[in-house]
Each structure stands twice: as C-alpha cells, then as structure tokens.
Amino acid sequence: MATTAEIADAVVAALASVPGPIPVQAGRSWLPLADLTEMEALRVTVVPAGRTIAPAARDLLVHDHRIEIAVQQRLTSDAAADLDPLEALVERLALHLAHTPLVITGVSWVGAEHAPLVAHEHLNELRQFTSLLVVTYRSWETR
C-alpha cells in the first residue's frame, strides 16, 4: 500500500503534464516555506497533509490521503487581469488530477476542494497570489 508521501510524489509527477499557457513545475515539501523574493516566479508546492483510516468492511480498511497543493506568485497589482490566469491555472490543476490516474497502483482520486480561491491576507499584505487546492486519494488495505 502506498504512503501519503508516495502519493504526493505521484501528484507532482502528474502535474508535470498539465496543459495550458502557464507551465507547471511542482515540487514536494513537508515544510512549504519560501522567502518572498523566491515568489517572483510561479511556485507550486505539493504537501502530504493528512490521512484518515476507517473501516470499509469487516476485513477492509479505507485510507483517505489528503494532499495540499499551494499555487503562489508575487504580483505587481491585485488587478483581475493578473489574478484570473492564475486562478484558471488552479482550476486546470484540479480537473487534470481528476482525469489523470496516478502512477501508483491501487490509489483512486476521490475529490478536490479549492479553498481559499485566493488568500486575501497574502494578496493584501504581500501582493502575493496564494491559492490552495486540496485533493483526496483513496487506497484500501485488508486486515
């Protein structure tokens, strides 16, 4: 059975093939901290964020793996013309992951949550676009 970290690595690999006008180079991190000067370029960070385990049947456990994907870039303004393409990118990431199986056997995409669409405090205080996409993948284990 795959670990949450292995699934996060597979998500990074899947994001390498996202189509569109903005190229995606994602990286995985346990501690996604970066200096503000590093945010001039688009930054996509994948974090293994959590796991729940529950019974699915008498002899079967279900593991739900929570993977967080932060999309960040420093901007010169908070104009819609600057924010909209980045927001569209996050939507493309979500749809791409929904339709692209991971390279790990026995893992299925369950769903995605996109919140916040834009972190207002980052935009206001740092002039930085920050959006969080949370995807959940499921695996099973027999007891």
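Scroll up for the structure.
Residues numbered from 1 in each chain as written. Predicted model: local features only at pLDDT ≥ 70, side-chain atom pairs only at ≥ 80, totals over all residues. Heavy atoms only, no water.

1. What to know about the side chain of H96
Then comes step 1: When you line up the elements, H96 lands in helix α2 (residues 80-99).
Then comes step 2: A relative accessible area of 12% places H96 in the buried class. (Helix = DSSP H or I, 4+ residues; strand = E, 2+ residues; numbered from the N terminus. Buried < 20%, exposed > 50% of the residue type's maximum accessible area, 1.4 Å probe, protein only.)

2. Points about the pairing of strand β3 (residues 60-74)
Then comes step 1: Among the 15 residues of β3, eleven are classified as buried, and the element is accordingly described as predominantly covered.
Then comes step 2: Two strands pair when backbone bridges link them, and strand β2 (residues 43-57) and β3 are joined in this way by 13 bridges, in the antiparallel orientation. Residue V47 lies in a different strand from β3, and its bridge partner there is E68.
Then comes step 3: Linking two consecutive strands that pair antiparallel, namely β2 and β3, is a turn of two residues.
Then comes step 4: Two elements, β3 and strand β5 (residues 128-142), share 15 bridges in a ladder whose sense is antiparallel. Residue R66 lies in a different strand from β5, and its bridge partner there is T136. (Pairing = 2+ DSSP bridges.)

3. Examining the nonpolar core
Then comes step 1: Counting 33 residues, the largest nonpolar core has V11, L15, I69, L93 and Y137 as the members making the most contacts within it.
Then comes step 2: Mapped by element, the contributors of at least two residues to this core are α1 (4-15), β2, β3, α2 and β5. (Core = buried A, V, L, I, M, F, W, Y, C linked by side-chain atoms within 4.5 Å.)

4. Considerations on the sheet that holds β5
One key point about sheets: their strands pair by backbone hydrogen bonds, in either a parallel or an antiparallel sense.
Then comes step 1: The five strands are arranged β1-β2-β3-β5-β4 in an open sheet whose pairing can be described as mixed. Edge positions in the sheet fall to β1 (26-28) and β4 (108-114), since each has one partner strand and no second. Sheet twist, expressed as the average angle between the axes of neighbouring strands with direction ignored, equals 30 degrees.
Then comes step 2: Sheet topology note: the β1/β2 ladder contains three bridges and is parallel. Across the sheet, residue R28 finds its bridge partner in β2, namely V46.
Then comes step 3: Its contacts with the sheet place α1 against β1, β2, β3 and β5, and it is angled at close to 130 degrees to β2. (Axes fitted to C-alpha atoms, helices over the stretch in contact; angles between N-to-C directions. Contact = heavy atoms within 4.5 Å.)

5. What about the side chain of T45?
Then comes step 1: When you line up the elements, T45 lands in strand β2.
Then comes step 2: A residue is classified by how much of its surface remains accessible, and T45, at 6% relative accessible area, is buried.
Then comes step 3: When neighbours within four sequence positions are excluded, T45 is seen to be in contact with G27, S29, P32, E68, I69 and A70.

6. Looking at the environment of P85
Then comes step 1: As for its placement among the helices and strands, P85 is situated in helix α2.
Then comes step 2: Counting along the chain gives 64 residues from P85 to P21, while the straight-line C-alpha distance between them is 9.1 Å.
Then comes step 3: Ignoring sequence-local partners within four residues, the contact set of P85 consists of I22 and A80.

7. Quick word on the pattern of salt bridges
Then comes step 1: Inspection of every chain in the model, using the stated rule, returns five salt bridges.
Then comes step 2: Residue E40 is joined to R74 by a salt bridge in which the shortest nitrogen-to-oxygen separation is 3.8 Å. Pair noted here: E40 is in the loop between β1 and β2 and R74 is in strand β3, with a separation of 34 residues, a long-range link.
Then comes step 3: Given a relative accessible area of 48%, E40 falls into the partly exposed group.
Then comes step 4: Overall, R74 belongs to the partly exposed group, its relative accessible area being 30%.
Then comes step 5: A salt bridge links E68 to R66; the nearest nitrogen and oxygen atoms lie 3.1 Å apart. (Salt bridge = Lys/Arg side-chain N within 4 Å of Asp/Glu carboxyl O.)

All quantities given are derived from atomic positions and should not be read as evidence of function.
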